[in-house]
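Analysis of the macromolecular model
Below are the chains, spelled out letter by letter.
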Amino acid sequence: MSRIAETFARLRSEGRIALMPYLTIGFPERESVLELVPALEAAGASLFELGVPFSDPLADGTTIQRATQRALENGVTMADCLATVAELRARKVRAPLLLMGYYNPLLRYGLERACADLAAAGGDGWIIPDLPLEEAADLRQLAAAHQLDLIMFVAPTTPPARVAQIVAQASGFLYIVSLTGVTGARQALASNLADLIASVRRQTDLPLVVGFGISQPAHVADVARFADGAIVGSALIDRLERLPPAERVTGAAAYVRELLSAVA
């Protein structure tokens with residue numbers, strides 16, 4: 001059983017939702033993630049989505065665009081991201097670690113090399129928002145050969161027939177995009193989110209993890225009623241931007257505890 005599957009099986013047995021923070025590798029400072037991830041894991045985070053900086057993050061709103069640009073200015077490369085995963089394992093982080101990025105940097109690095117290096121570093125999979133199902137076979141097969149999961153997306157606009165195609169190829173968990181649009185904190189979740197989750201649940205037993213827009217404890221509590229996990233990204237990046245450097249780690253950990261307080 002993979003580390004991702006073990007995590008969701010344990011959380012289900014405990015009746016708890018997974019909280020999956022998103023952090024851009026290289027933001028706010030080049031080594032920040034090495035301090036943030038262990039602290040957020042200790043605060044209750046169950047998995048981590050670690051962003052690979054890219055100059056054209058088309059699925060992301062302005063907050064993550066700024067974080068990505070800062071990371072690029074800090075000189076972070078794909079090789080640095082893989083080294084970050086390895087260093088987090090050396091620092092005894094046990095939670096699943098997934099690299100989220102766009103397809104072009106993987107192609108440039110080399111798909112086989114990227115999968116081999118991520119597996120060797122102790123990573124658990126890829127989240128690639130600009131890789132459609134029709135073009136995913138090469139990466140999916142290479143990931144599987146290295147015991148990595150390639151996370152698939154389902155959006156509110158995905159027709160049921162296409163959901164069936166996606167779940168037939170998916171592994172690890174399904175990333176449920178909660179709304180049409182780019183990433184970014186919202187005041188309220190989409191009114192039809194429960195119906196979307198229910199329709200996908202009828203087609204798969206994979207864990208369903210909701211992302212885009214989650215920013216408040218009430219959002220996590222709402223998601224916990226019908227899904228297995230919640231991803232918080234832009235709201236966490238916003239918090240890190242506002243915190244003084246000396247308070248970033250403790251402040252981010254406090255935010256994770258705050259988000260989970262509604263489902264404790």
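Everything that follows concerns the structure shown earlier in this document.
Attention in this report is confined to the structure presented alongside it.

About the criteria used
In this numbering scheme, every chain counts its residues from 1 along its sequence in written order. Two thresholds apply to this predicted model, a pLDDT of at least 70 for residue-level local features and 80 or more for giving and counting side-chain atom pairs, whereas whole-chain, interface and lining totals are computed over all residues. Processing note: side-chain calculations cover all non-hydrogen atoms of the structure and skip hydrogens and water entirely. Throughout, exposure labels follow a simple rule: accessible area from a 1.4 Å probe, protein chains only, divided by the maximum for the residue type, with under 20% read as buried, over 50% as exposed, and the rest as partly exposed. Note on conventions: DSSP H or I runs of at least 4 residues are helices, E runs of at least 2 residues are strands, and numbering of each starts at the N terminus. At least two bridges found by DSSP between two strands are what make those strands a pair. Whether a crossover is right-handed comes down to one check: with the strands pointing away from the viewer, does the path from the first strand over the helix to the second run clockwise; if it does, it is right-handed. Take the buried Ala, Val, Leu, Ile, Met, Phe, Trp, Tyr and Cys residues and link them wherever side-chain atoms come within 4.5 Å; each set so joined is a nonpolar core. Two residues qualify as a contact provided that any one of their heavy atoms is within 4.5 Å of a heavy atom in the partner residue. Lines fitted to C-alpha atoms define the axes here, with helix axes fitted over just the stretch in contact, and angles between the N-to-C directions of these axes take values from 0 to 180 degrees. Here, expected helix span is obtained from the residue count minus one, scaled by 1.5 Å. The scheme is simple: roughly parallel for angles under 35 degrees, roughly antiparallel for over 145, roughly perpendicular for 65 to 115, oblique for anything else. The sense of a crossing depends on the near helix, which, turned anticlockwise from the far helix by less than a right angle, makes the crossing left-handed and, turned clockwise, makes it right-handed.

Some points on the pairing of strand β2 (residues 48-51)
Burial along β2 is two-sided: F48 and L50 and E49 and G51, pointing in opposite directions, are all buried. Here strand β1 (residues 18-24) runs beside β2; their pairing, made up of three bridges, is parallel. Paired with Y22 across the two strands is E49, which belongs to β2. Chirality of the crossover, the property in question, places the unit of β1, helix α2 (residues 32-43) and β2 among those that are right-handed.

Re the nonpolar core
Residues L50, L99, W126, L139, F173, L174 and I176 are the most contacted members of the largest nonpolar core, which totals 97 residues. When sequence neighbours within four positions are dropped, the list of residues in contact with I176 reads V154, L193, L196, I197, V200, L208, V209, V210 and G211.

Quick word on the sheet that holds strand β6 (residues 174-177)
Taking strand neighbours around the barrel as the criterion, the eight strands line up as β1-β2-β3-β4-β5-β6-β7-β8 in a closed arrangement whose pairing is parallel. For this sheet, the mean inter-axis angle between neighbouring strands, taken without regard to orientation, is 30°. Taken together, the three bridges between strand β5 (residues 149-154) and β6 define a ladder with parallel strand orientation. Residue pairing in the sheet places F153 in a bridge with Y175 of β6. α2 rests against β1, β2 and β3 (97-100) of the sheet, and its axis sits at about 170° to β1.

Some points on the environment of L131
Mapping L131 onto the fold places it in the loop between β4 (125-127) and α7 (137-145). Since its relative accessible area comes to 10%, L131 is described here as buried. Dropping the residues within four chain positions of it, L131 is found in contact with Y103, A136, L139 and L150.

Focus: the environment of A9
Inspection of the secondary structure assignment puts A9 in helix α1 (residues 3-14). Residues A9 and D149, 140 residues apart in the sequence, show an inter-C-alpha distance of 16 Å.

Remarks on helix α3 (residues 62-73)
The end-to-end C-alpha distance of α3, which contains twelve residues, comes to 16 Å, matching closely the 16 Å that a straight helix rising 1.5 Å per residue would cover. On its buried side, α3 packs onto β1 and α11 (234-242). Once α3 ends, the next one or two residues include G75, with phi positive near 85°.

Comments concerning the side chain of T24
Structurally, T24 can be placed in strand β1. Judged by its relative accessible area of 1%, T24 falls in the buried class. Beyond its immediate chain neighbours, meaning those up to four positions away, T24 contacts V33, G51, P53, I64, A67, T68, A71 and I237.

Description of the packing of α2 against helix α12 (residues 248-260)
Where α2 contacts α12, the axes come no closer than 9 Å and their chain directions differ by 30°. Our classification of the angle between α2 and α12 gives roughly parallel. Note on packing geometry: the crossing formed by α2 with α12 is right-handed. Across the interface between the two elements, E35, L36, A39, L40 and A43 of α2 pack against R248, V249, A252, A253, V256, R257 and L260 of α12.

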